[in-house]
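# Structure assessment
What follows is each chain in one-letter form.
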Amino acid sequence: MSRREDIRVWVDGVGLLGPGLTNWAGARALLGGEAAYESAPTVLPAPEVLPPAERRRASRIVKAALAAGLEACRGAGVEPGTLANVFAASGGDGHNCHALCELLASGDQQISPTRFHNSVHNAASGYWSIATGATPAAQVLGAYDASFAAGLLESMNQVEASGQPVLLVACDSEYPEPLNAKRPIQDTSALALVLTPVRSERSLGQIRMARRGALQECAPSGLAGSSEALAACVQSMPAMRGLPLLQVFAMPEGIASVAIEYFAPQSLVVQVAAAEAA
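Residues numbered from 1 in each chain as written. Predicted model: local features only at pLDDT ≥ 70, side-chain atom pairs only at ≥ 80, totals over all residues. Heavy atoms only, no water.

The next thing to look at is the overall build of the protein. Within the protein, the secondary structure is distributed over 10 helices and 9 strands. Taking 2.2 N^0.38 as the reference for a compact globule, 278 residues should give roughly 19 Å; the C-alpha atoms of the protein span a radius of gyration of 18 Å, in line with that estimate. Across the 278 residues in the protein, those meeting the buried criterion constitute 51%. When contacts within the protein are restricted to residue pairs at least 6 apart in sequence, those whose partners lie at least 24 apart make up 73%. Charged side chains of the protein number 19 positive and 25 negative; the gap between the two group centres comes to 5 Å. (Helix = DSSP H or I, 4+ residues; strand = E, 2+ residues; numbered from the N terminus. Rg over C-alpha atoms; globule rule 2.2 N^0.38 Å. Buried < 20%, exposed > 50% of the residue type's maximum accessible area, 1.4 Å probe, protein only. Contact = heavy atoms within 4.5 Å. Lys, Arg positive; Asp, Glu negative; His and termini not counted. Charge placed at Lys NZ, Arg CZ, Asp CG, Glu CD.)

For helix H10 (residues 243-250), the buried fraction is high: 8 of the 8 residues fall into the buried class. Among the residues of H10, those classed as buried are Leu243, Pro244, Leu245, Leu246, Gln247, Val248, Phe249 and Ala250.

Okay, the side chain of Asn85 next. The residue Asn85 is located in strand E2 (residues 84-88) in this model. With relative accessibility at 2%, the residue Asn85 sits in the buried group. Those residues in contact with Asn85, other than ones at most four positions away along the chain, are Ser125, Trp128, Ala137, Ala138, Gln139, Val166 and Leu167.

Time to look at the environment of Gln110. Mapped onto the fold, Gln110 is located in the loop between helix H4 (94-104) and helix H5 (113-119). Separated by 10 residues in sequence, Gln110 and Leu100 have C-alpha atoms that sit 9.7 Å apart.

This part is about unusual backbone geometry. For the peptide bond that leads from Glu177 to Pro178, omega is 10 degrees, which places it in the cis range. With respect to the secondary-structure elements, Pro178 resides in the loop between strand E4 (166-172) and helix H8 (179-182). Cis geometry marks the peptide bond from Ala264 to Pro265, where omega comes out at 10 degrees. Take Pro265: it is sitting in the loop between strand E8 (255-261) and strand E9 (266-274). Positioned with a positive phi, Tyr144 is a non-glycine residue whose angle comes to about 55 degrees. For Tyr144, a relative accessible area of 47% puts it in the partly exposed group. Phi at Glu253 takes a positive value of approximately 55 degrees, unusual for a residue other than glycine.

Right, let's get into the packing of helix H3 (residues 60-76) against helix H6 (residues 123-132). The interhelical angle for the contact between H3 and H6, taken along N-to-C directions, is 50 degrees, at an axis separation of 9 Å. Judged on the interaxial angle alone, H6 and H3 are oblique. Remark: the crossing between H3 and H6 carries right-handed chirality. On H6, the residues touching Val62, Ala65, Leu66, Gly69, Leu70 and Cys73 of H3 are Ala123, Ala124, Tyr127, Trp128, Ala131 and Thr132. Grouping the amino acids of the contact of H3 with H6 by side-chain chemistry returns 10 nonpolar, 2 polar and no charged. (Axes fitted to C-alpha atoms, helices over the stretch in contact; angles between N-to-C directions. Parallel < 35°, antiparallel > 145°, perpendicular 65-115°, else oblique. Left-handed = near helix turned anticlockwise from the far one by under 90°. Nonpolar A, V, L, I, M, F, W, Y, C, P; charged D, E, K, R; others polar.)

We now examine a nonpolar patch on the surface. Taken together, the side chains of Leu104, Ile111, Phe116 and Val120 make up a nonpolar region of the molecular surface, amounting to roughly 350 Å² of accessible area. Looking at the element boundaries, Ile111 is found in the loop between H4 and H5. For Ile111, a relative accessible area of 35% corresponds to the partly exposed category. (Patch = residues over 30% accessible without salt bridge, like charges linked within 9 Å, V, L, I, M, F, W, Y side chains within 5 Å. Areas by Shrake-Rupley, 256 points an atom, 1.4 Å probe, with all protein chains shown as cover. Salt bridge = Lys/Arg side-chain N within 4 Å of Asp/Glu carboxyl O.)

Where helix H1 (residues 24-31) meets H10, the axes come as close as 9 Å, and the angle between the chain directions of the two elements is 85 degrees. In terms of their interaxial angle, H1 and H10 are classed as roughly perpendicular. Residue-level contacts link Trp24, Arg28 and Leu31 of H1 to Leu243, Leu246, Gln247, Phe249 and Ala250 of H10. Classifying every residue of the contact of H1 with H10 by side-chain character gives 6 nonpolar, 1 polar and 1 charged.

Below you can see the structure in the form of C-alpha cells.
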C-alpha cells in the first residue's frame, strides 16, 4: 500500500495563555468573533502541580508552558505524563536572562544554581517532566520566529512515525530593557496542542501537511476579522504564530489553508479543518 501524499493529525486538546488570553474557551470566542478582545498583561497561574521547591523556582516561561500544556491535556482527556512531547521556544525566560547579564556585568559574578538551571533552553521541558512524571521521549527546539512552525512540523512527523499522540508546547517570554530594544516580545505566552493519529469524540479538527512542498515562499496568514490588538499578538510573540490555525477551529465548519511563519521568505503551509468540516 502506497503512502498518502500528506500527513494528517487530529487536534484533541488546545491550551492557550497570553495577554488578554486566559484559556482556550475564551480565546475560541474571540477568534470566532463572538467576543471582543481586551488586551491585558498575561496572568500566570501558580504551578500547583510542581513540588514546593520547584514551584518557588519556576520562571515565567515555565508557568505559562505548564498552564497551557495541562489545559491541552485536560481537553484531550489524556494523562499528561503519558505523552511524548515537543517544546518549542525562540529563547528562554527573558527576565532570568536579564538578571544573568546584570550579574556578569557587575563586580560580583557569582551565579546561583537556580539562575543557571532556569537559563537553559530545555528548562520548561524539564519542569514539565517533574510536574507530570512524564517519561516518554521529549524534544526541545528553537528556531527564532519560526519556532511554532518548526515545533508543529516536528510534532506532526512524530505522530505519523509513531502512531501515538504527541503534545506540542510553544512558549516564550518577554525581555526587560535593554534586551527588549533588540528582541521585543510583548509578553509571556504559550500555546499547546495534543495531536493524535486518529479522530476521537474530543477532536476539534484536523491538520494536513504535504509530505513534499509544505514549505512555500508565501506570506504568513493573519487573523481574519480580528482587532488590531489581537492581530498584533501574532506578530509580537513567537508562540502566538499558531493563532491563525486555531481560528479555523473556532469557526463553524471552518476550513482553510494556513501559512505559518517559517524562515523568510518561506512559510509552513497546512490545510486545517474544524471537526464539523473534516
